Amino acid sequence: MKKVLCAGEINVDLVLQGYTEFPVPGKEVLVRDFAMVMGSATAIMAMGLARLGTSVAFVGRVGEDAFGHFCLEQLSSRGLDLSRVIRDGGVQTGLTVAITHPLDRALVTYLGAISALTGKDVPTTSMAGCHHLHSSSFFFQEGLRPDFPDLFARAQAAGLTTSLDTGYDSHEQWDGGLRA
């Protein structure tokens, strides 16, 4: 069986649902429901692969906080290999608040540990036994972004195929410097 290494962000999503009007500064709006769920494109991809029967290892960074523990429990319960995940007491786990509506959603994100992951956190030794490297949220991963060309080159030199989901660019510049 092929093994995939997912390298990237780990965060919680707080999903608020059922509002009558969208909040504006200076006003409070009530919602009918909320859920705390696993967030982050890389982690969601990893869980989806595991659900399909793929062996998945994860490299990422979480804080030593309640959200970090929640994320690790969620990932572990789906059978992911978390031995490469860094638990960092110096940062807080990332968080996205999603305000949903049947027609769309609004997202507010605190990067926290998401932006603290770097290329050094993904050594070539972490790729041993893996066949593919996947990462997501290119524009959110401020610490890893400059290291992506080297990371993908090291993965390809080690015989892995690679994939990248760039995700959303909150600055809407859509140029992170990654070139083929």
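The structure under discussion appears in the preceding block.
An account of the accompanying structure is given in this report. (Residues numbered from 1 in each chain as written. Predicted model: local features only at pLDDT ≥ 70, side-chain atom pairs only at ≥ 80, totals over all residues. Heavy atoms only, no water.)

A few words on the sheet that holds strand E10 (residues 161-165). Read from one edge of the open sheet, four strands run E4-E1-E9-E10, paired in parallel fashion. With one partner strand each, in any of the chains shown, strand E4 (55-59) and E10 form the two edges of the open sheet. Across this sheet, the average inter-strand angle for adjacent strands is 20 degrees, counted without regard to direction. In this structure, strand E1 (residues 3-7) lies alongside strand E9 (residues 132-136), joined through three bridges in parallel fashion. Residue pairing in the sheet places Val4 in a bridge with His132 of E9. Helix H1 (residues 41-51) contacts E1, E4, E9 and E10 of the sheet and is inclined by roughly 160 degrees relative to E4. (Pairing = 2+ DSSP bridges. Helix = DSSP H or I, 4+ residues; strand = E, 2+ residues; numbered from the N terminus. Axes fitted to C-alpha atoms, helices over the stretch in contact; angles between N-to-C directions. Contact = heavy atoms within 4.5 Å.)

Ordered in space as E3-E2-E7-E8, the four strands form an open sheet in which the pairing is mixed. In this open sheet, the two edge strands, each paired with only one partner strand, are strand E3 (31-38) and strand E8 (104-110). Adjacent strand axes in the sheet meet at a mean angle of 20 degrees when their direction is disregarded. As paired elements, strand E2 (residues 11-19) and strand E7 (residues 94-101) share seven bridges and run parallel to each other. Note that in E7 the partner of Leu14 across the bridge is Val97. Sitting on the sheet, helix H2 (residues 66-77) touches E2, E3 and E7, and the angle it makes with E3 is about 65 degrees.

It is worth spelling out the packing of aromatic side chains at this point. Following the criterion strictly, the structure yields four aromatic pairs and no others. Ring centres of Phe138 and Phe148 lie 5.3 Å apart, and the angle between their planes is 45 degrees; this geometry places the pair in the tilted category. With a gap of 10 residues between them, Phe138 in the loop between E9 and helix H3 (148-157) and Phe148 in helix H3 connect regions that are remote in the sequence. Residue classification places Phe138 among the buried positions, given a relative accessible area of 3%. Ring centres 5.6 Å apart and planes at 85 degrees place the aromatic pair Phe148 and Phe152 in the edge-to-face group. On the criterion of helical spacing, the pair formed by Phe148 and Phe152 is a turn pair, its members being four residues apart in helix H3. Both residues of the pair, Phe148 and Phe152, belong to the buried class. Pairwise contacts between aromatic rings join Phe138, Phe139, Phe148 and Phe152 into one cluster. For the cation-ring pair, Arg145 lies above Phe138, with the distance from its terminal atom to the ring centre recorded as 5.9 Å. (Phe/Tyr/Trp six-rings, centres within 6.5 Å; stacked < 30°, edge-to-face > 60°. Buried < 20%, exposed > 50% of the residue type's maximum accessible area, 1.4 Å probe, protein only. Lys NZ or Arg CZ within 6 Å of the ring centre and 35° of its normal.)

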